[in-house]
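# Structural features, examined
One letter stands for each residue in the lines below.
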Amino acid sequence: MSTSDRPVMMLSGGNRGIGYCIAQAAQARGWHVSLGLRDPSVLPHGLDPQLTDLHAYDATSRSAEAKWVDATVARHGRIDTIVANAGLFTDTSIIEAEEGEVDTLLEINLRAPRRLAKAAWPMLRACGSGRVAILGSLSGKRVASKGSALYSVSKFAAIGLAHALRLEGWDDGIRATAFCPGLVATEMGATAAGDAVAAKEMTQPDEIAHLVLEIIGLSNSASIAEMHINWRTDGIF
C-alpha cells in the first residue's frame, strides 16, 4: 500500500496518554498518522516511523493549524480524519482566574480544534467521509466540583463545537463526534484526581483509543454525536 493509498489522520498531542494510544491504534489499522507536537524532534516510542509524520504544533499559535494542514496535504494529498486531542486542565477557581488563564484555556480547548477543522475542511469534504473527533470530557456535560468548573466551561464549549461541525459537514459526508470520558489513567487524569482515585480504577487510555477508531470507522449512516465513557456510576453517565 502506498502512502497516498492509506487513510491519513491528523492528531494533536499524540506523544503520551490518550493521543499516543490513538496513534498506536490507528497505525495498527493501517492509518498514516500526522502528529502535531510541541516537540517534534523525537518519535514517540512504539510508533511506526514509516507511518508517522512529526510536525511542530503549538495550539496557542493561530497560524499553526493551517501550516500543519498544508504540510500534511503536500506530502499525502489527503486528510481523512482530524483528532483534536491536545487539551489543558486547570483547577483554578472560575472567580479567581485571571483573564489570561481563561484565554489560554479556551485557546487550546476550543479555538485550536475549530481552527484545525477549518484548515482541514476542504480535504475532509473532498474524501466524502471525513471524520472529526473532539476529545471532550464528562466535565463538559456537568460541573462536578468547584475545582473543575472553569475547565468544565471550556469542555462544554468543545462539545458544542463537535455538534456544530457535525451539522456543518453533514451534507458533505463529514461526521463529527465528541468523546467524553471521565477520569482516564493519564497525567492529566492523575492531576485532576489527586490522591482520591488510583490509576487502575480509572478508564485506561487504550480503551478510549479503541472507541475512537471504532466510531470513525462507521459508515456515514451510523453517526454518533457523543460518546460518554466513565469509570464509575455518575448520574446518567
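Residue positions within a chain follow its written sequence, with the count starting from 1. With the structure being a predicted model, the display of local features is reserved for residues of pLDDT at least 70 and the display and counting of side-chain atom pairs for 80 or more, all residues being used for whole-chain, interface and lining totals. Side-chain descriptors were evaluated using all non-hydrogen atoms of the structure, hydrogens and water having been removed beforehand.

### Let's talk about the packing of helix α1 (residues 17-28) against helix α6 (residues 205-216)
The axes used here are C-alpha line fits, helices contributing only the stretch in contact, and every angle between their N-to-C directions lies in the interval 0 to 180 degrees. Every helix listed is a DSSP run of H or I at least four residues long, and every strand listed is a run of E at least two residues long, numbered separately from the N terminus. Between α1 and α6, the shortest axis-to-axis distance is 8 Å and the interhelical angle comes to 50 degrees. If you check the angle between α1 and α6, you find them oblique. Considering how the two elements wind past one another, α1 and α6 form a crossing that is right-handed. Here α1 contributes Gly17, Ile18, Cys21, Ile22, Ala25 and Ala26 to the contact with α6, which in turn contributes Pro205, Asp206, Ile208, Ala209, Val212 and Leu213. Side-chain classes are defined by residue name, with Ala, Val, Leu, Ile, Met, Phe, Trp, Tyr, Cys and Pro counting as nonpolar, Asp, Glu, Lys and Arg as charged, and the others, Gly among them, as polar. Here the contact of α1 with α6 is composed, by residue class, of 10 nonpolar, one polar and one charged. Orientation categories follow fixed angle ranges, with anything under 35 degrees roughly parallel, anything over 145 roughly antiparallel, 65 to 115 roughly perpendicular, and all other angles oblique. Handedness of a helix crossing follows the sense of rotation of the near helix relative to the far helix, less than a right angle counterclockwise being left-handed and clockwise being right-handed. We call two residues contacting when some pair of their heavy atoms lies within 4.5 Å.

### Concerning empty space enclosed by the protein
The definitions used throughout rest on a 1 Å grid laid over the protein atoms alone, on which a cavity is an enclosed set of points accommodating a 1.4 Å probe that cannot get out and a pocket is an open set flanked by protein within 12 Å on both sides along at least five of seven lines; lining residues are those having an atom within 4 Å of a point. Grid points are joined across faces, edges and corners, and a volume is the space filled by probe spheres set on the points. Applying the stated rule across the entire model yields two cavities of 30 Å³ or more. The space that makes up the largest cavity amounts to roughly 70 Å³. Forming the boundary of the largest cavity are Arg131, Val132, Arg175, Thr177, Ile215, Ile216, Leu218, Ser219, Ala222, Ser223 and Ile224. Of all the secondary-structure elements, those providing two or more residues to the lining of the largest cavity are β5 (131-135), β6 (175-181) and α6. Residue classes in the lining of the largest cavity are distributed as six nonpolar, three polar and two charged. The computed volume of the second largest cavity comes to approximately 50 Å³. Around the second largest cavity sit Ser12, Tyr57, Ala59, Ala84, Asn85, Ala86, Ile108, Ala112, Pro113 and Leu116, which together line it. The element best represented in the lining of the second largest cavity is helix α3 (residues 99-127), accounting for four residues. Here the lining of the second largest cavity is built from residues that sort into eight nonpolar, two polar and no charged.

### Section: the nonpolar core
Remark: nonpolar core denotes a set of buried residues (Ala, Val, Leu, Ile, Met, Phe, Trp, Tyr, Cys) joined through side-chain atoms within 4.5 Å. When a residue's accessible area, from a 1.4 Å probe over protein chains only, is under 20% of the maximum for its type it is buried; when over 50% it is exposed; and in between it is partly exposed. Core analysis: the biggest nonpolar cluster contains 28 residues, and Ile82, Leu124 and Val132 have the highest contact counts within it. Where this core is concerned, the elements lending two or more residues are α2 (64-76), β4 (81-84), α3, β5, α4 (149-169) and β6. No other element matches α3, which puts seven residues into this core. In contact with Ile82, other than residues within four places in its own chain, are Met10, Leu116, Ala117, Ala120, Leu124, Arg131, Val132 and Ala133.

### A short note on the side chain of Gln27
Take Gln27: it is sitting in helix α1. With relative accessibility at 11%, the residue Gln27 sits in the buried group. Those residues within four positions of Gln27 in sequence are excluded, and the remaining contacts are Val33, Leu47, Asp48, Leu51 and Thr52.

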